[in-house]
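Notes for the structure review
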Amino acid sequence: MAGVNPKFLISKDFSRHTKAALDLDDDVVLTYYIDDSDGTQSLADGRTITTLPHTTEEVRFIEGIFDGLDTLLAIDFERSPTTKGSDIDIYSVIDSSDWEKMI
Ligand SMILES: [Ca+2]
Ligand SMILES: [Ca+2]
């Protein structure tokens, strides 16, 4: 906590600002999509990826993370059945068209 002025943490302006930010977040819903495709598909940014379906355990693990975040944060997380309109897309990628550039 070195360098943090305690007055800053309890100032009225600061708590008002925090409250305003939280009120704003009350309305925010982030949707996530868990991909289930086996094969090759194109992403919006032009990359081609090869994916495997997520296992039941992986899906439960991912849902658990978002459920935990939902409880902790004012933001709500909802699972989307399709990639269209989802804010976060999750793929189980085994190959990507731009991976060779990183080697
Ligand atoms: Ca929440
Ligand atoms: Ca999406």
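A brief structural summary. (Residues numbered from 1 in each chain as written. Chains lettered and ligands numbered in written order. Predicted model: local features only at pLDDT ≥ 70, side-chain atom pairs only at ≥ 80, totals over all residues.)

Moving on to the overall build of the protein. Within the protein, the regular secondary structure consists of three helices and six strands. Listing every helix and strand of the protein by position from the N terminus yields α-α-β-β-β-α-β-β-β. Looking at the protein as a whole, 3% of its 103 residues qualify as buried. Counting contacts in the protein only where the partners sit at least 6 residues apart, residues at least 24 apart contribute 72% of the total. (Helix = DSSP H or I, 4+ residues; strand = E, 2+ residues; numbered from the N terminus. Buried ≥ 20, exposed ≤ 12 C-beta atoms within 10 Å, placed from the backbone. Contact = placed C-beta atoms within 7 Å.)

Strands sit in the order β4-β1-β5 across an open sheet of three strands; the sheet is parallel. With one partner strand each, in any of the chains shown, β4 (76-80) and β5 (88-90) form the two edges of the open sheet. When the angles between neighbouring strand axes are averaged without regard to direction, this sheet yields 25°. One ladder, built from five bridges, connects strand β1 (residues 29-34) with β4; its direction is parallel. Bridge pairing in β4 links Y32 to R79. Against the sheet, helix α3 (residues 56-72) touches β1, β4 and β5, its axis set at about 155° to β4. (Pairing = 2+ DSSP bridges. Axes fitted to C-alpha atoms, helices over the stretch in contact; angles between N-to-C directions.)

In this fold, V59 is placed in helix α3. Sequence-wise, V59 and D35 are 24 residues apart; in three dimensions their C-alpha atoms are separated by 9.5 Å. Not counting the four nearest positions on each side in its chain, V59 is found in contact with I34 and H54.

Moving on, we come to the sheet that holds strand β2 (residues 39-42). With antiparallel pairing, three strands are arranged side by side in an open sheet as β2-β3-β6. Edge positions in the open sheet fall to β2 and β6 (92-96), since each of these has one partner strand only. Across the sheet, the mean angle separating the axes of adjacent strands is 40° when strand polarity is ignored. Judged from the four bridges that link them, strand β3 (residues 48-52) and β6 form a sheet pairing that is antiparallel. By the bridge assignment, L52 is partnered in β6 with S92.

When the terminal C-alpha atoms of α3 are compared, their 24 Å separation across 17 residues agrees well with the 24 Å that a helix rising 1.5 Å per residue should span. With zero of 17 residues buried, α3 is to be regarded as a mostly surface element. (Expected span 1.5 Å × (residues − 1).)

Mapped onto the elements of the fold, Y33 is located in strand β1. Through-space distance from the C-alpha of Y33 to that of I88 is 6.2 Å; in sequence the pair is 55 residues apart. Not counting residues up to four positions away in its chain, the partners in contact with Y33 are S80, T82, T83, S86, D89 and I90.

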